[in-house]
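Observations on the model geometry
One-letter residues, chain by chain:
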Amino acid sequence: MGMVSSKSKLATEHRTATEAGFHRCWYPVALARDLPPGSAVGRDFLGTRVVAYRDAAGKPVVQSAWCPHLGADLSIGQIVDGRLRCPYHHWSFDAKGACANIPTGDKIPPSARIFTYPAEEAWGLVWAFNGERADFAVPRLPGAAESTIVHQAHERGRRPWDTWVAVSNGVDFQHLRTLHGLPAASMPEQLEVEAGGIEFRVESPYHLQHGRISGTNTFAQHLRIGGDDMFMLFSGAPIEPGSSSGYVVIGVPQGSAEKLPAVETMVERLNAEDAPVLSTMRFRRGLLTASDRHLATYFRYVDAFPCFTPTEQ
Ligand code: FES
Ligand SMILES: [Fe+2]
């Protein structure tokens, strides 16, 4: 009996999450270098599809990929004079999503619009916010500005997990010792929870860990171990429930670019250790004990996180 009710509870939780949409977060949709001027890329994102390109000023634009005329995929269209042109009948759309031209000269219907996500370029990534307006600033690396570090962004491809589950890793302090074997790792006294983010800092004579969760999909940290400063950001964008695209940014202070490969090795190691667990677990909020108190805080933060359903207009 107990089994049946907990199973149906899980099913209900899943259904509710899907119907409510996806968290109102900044999601990485492409590497900035994959978006040269004049080209458009398509991404499966938030249960639908988006197109990303640069406007005439070079600023990234992320919009619904479905043409309001007959539904062609705009990401296989062309960028003409900084505007997105549908491959099928050449309707074109401006950076705000309004149809700006129909080649036949027909009157443009007022509802000929495509949904336009707030978009930003930062840390070598193009980010889109799931909402009409952004609720908070684009994710950042604690203790760094783009001008103070040398950084590199990489794409990880499709991953079989929800981004908010992967981000719980950032405040799962037990697993730093058990799974990653980091003996110096310790737990912060408390997490600073704010709207749209969680921050913490742990310092010992041997190390510094300054971590920051942005939204429910990005975990970034500044680590100092043996006097070396390392910066890393892990983020992901939901493709659909249970599946996401992964991105990572690594960095070191300006002037020490030769130390970047060591950060990359460390990030690869952490990923190789986490991925087998994350990709096979059947996630649940199970029996949390005293050492899981920061995880419990994170799960409450996730439960209260606002959602938005992307419109396919
Ligand atoms: S389907 Fe896009 S212009 Fe006709
Ligand atoms: Fe981990």
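One can find the structure itself at the top, above this paragraph.
Residues numbered from 1 in each chain as written. Chains lettered and ligands numbered in written order. Predicted model: local features only at pLDDT ≥ 70, side-chain atom pairs only at ≥ 80, totals over all residues. Heavy atoms only, no water.

Along the backbone of the protein there are five helices and 20 strands. Here the C-alpha atoms of the protein give a radius of gyration of 21 Å, agreeing with the 20 Å that 2.2 N^0.38 yields for 313 residues. By principal-axis analysis of the C-alpha atoms, the protein measures approximately 70 × 60 × 30 Å. Counting contacts in the protein only where the partners sit at least 6 residues apart, residues at least 24 apart contribute 57% of the total. When the accessible surface of the protein is summed, it comes to about 15,000 Å², and 54% of that surface belongs to carbon and sulfur atoms. Here the protein contributes 30 positively and 33 negatively charged side chains, and the mean placements of these two sets differ by 3 Å. (Helix = DSSP H or I, 4+ residues; strand = E, 2+ residues; numbered from the N terminus. Rg over C-alpha atoms; globule rule 2.2 N^0.38 Å. Contact = heavy atoms within 4.5 Å. Areas by Shrake-Rupley, 256 points an atom, 1.4 Å probe, with all protein chains shown as cover. Lys, Arg positive; Asp, Glu negative; His and termini not counted. Charge placed at Lys NZ, Arg CZ, Asp CG, Glu CD.)

Bringing a nonpolar patch on the surface into the picture now. Together, Leu 179, Val 277 and Met 281 make up a nonpolar patch on the protein surface, roughly 220 Å² of accessible area in all. Along the chain, Leu 179 turns up in the loop between α3 (174-178) and β14 (192-194). (Patch = residues over 30% accessible without salt bridge, like charges linked within 9 Å, V, L, I, M, F, W, Y side chains within 5 Å. Salt bridge = Lys/Arg side-chain N within 4 Å of Asp/Glu carboxyl O.)

This brings us to the pattern of salt bridges. Taken as a whole and assessed by the stated rule, the structure comprises 14 salt bridges. A salt bridge links Arg 285 to Asp 303, with the nearest nitrogen and oxygen atoms 2.9 Å apart. With a gap of 18 residues between them, Arg 285 in the loop between α4 (260-280) and α5 (293-303) and Asp 303 in helix α5 connect regions that are remote in the sequence. Under the relative-accessibility criterion, Arg 285 is labelled partly exposed at 32%. If you follow the salt bridges from partner to partner, you end up with Arg 140, Glu 194, Glu 199 and Arg 212 in one network. (Buried < 20%, exposed > 50% of the residue type's maximum accessible area, 1.4 Å probe, protein only.)

Take the sheet that holds strand β4 (residues 48-54) next. In a beta sheet, neighbouring strands pair by backbone hydrogen bonds and run either parallel or antiparallel. On the basis of which strands lie adjacent, the open sheet formed by four strands has the order β3-β4-β5-β10 and antiparallel pairing. Whereas interior strands pair on both sides, the edge strands pair on one side only; in this sheet they are β3 (41-45) and β10 (116-117). Of the strand pairs in this sheet, strand β5 (residues 60-64) and β10 are connected by two bridges, and their pairing is antiparallel. Within the sheet, the bridge partner assigned to Val 62 lies in β10 and is Tyr 117. (Pairing = 2+ DSSP bridges.)

This paragraph deals with the packing of aromatic side chains. Ring pairs (aromatic) are described by centroid distance and by the angle formed between their planes. Under the defined criterion, the tally for this structure stands at 14 aromatic pairs. Taking 5.5 Å as the distance between ring centres and 70 degrees as the angle between the ring planes, the aromatic pair formed by Trp 26 and Phe 129 counts as edge-to-face. You can see Trp 26 sitting in strand β2 (residues 26-31) and its partner Phe 129 sitting in strand β12 (residues 125-129), a full 103 residues away along the chain. Owing to a relative accessible area of 4%, Trp 26 belongs among the buried residues under this scheme. Considering the side-chain rings of Phe 200 and Phe 219, the 6.3 Å spacing of their centres and the 10 degrees angle between planes classify their relative orientation as stacked. Of this pair, Phe 200 sits in strand β15 (residues 197-203) while Phe 219 is found in strand β17 (residues 218-225), placing the two residues 19 residues apart along the sequence. For Phe 219, a relative accessible area of 8% gives the class buried. Taken together, the ring pairs connect Trp 26, Phe 129, Phe 136, Trp 164, Phe 283, Tyr 298, Phe 299, Tyr 301 and Phe 305 into an aromatic cluster. (Phe/Tyr/Trp six-rings, centres within 6.5 Å; stacked < 30°, edge-to-face > 60°.)

So, about the sheet that holds β12. Pairing is antiparallel in the open sheet, where three strands are placed in the order β2-β12-β11. If you trace the sheet from one side to the other, it starts and ends with β2 and β11 (119-122), each paired once. Going from strand to strand, the sheet's axes swing by 30 degrees on average, the running direction of each strand aside. The pairing of β11 with β12 spans four bridges and is classified as antiparallel. Looking at β12, one finds that Glu 121 is bridged to Val 126. (Axes fitted to C-alpha atoms, helices over the stretch in contact; angles between N-to-C directions.)

Now for the environment of Ala 134. With respect to the helices, strands and loops of the structure, Ala 134 is situated in the loop between β12 and β13 (149-159). Sequence separation of Ala 134 and Trp 26 is 108 residues, and the distance between their C-alpha atoms is 7.9 Å. Setting aside chain neighbours within four positions, we find Ala 134 in contact with Trp 26, Pro 118 and Phe 129.

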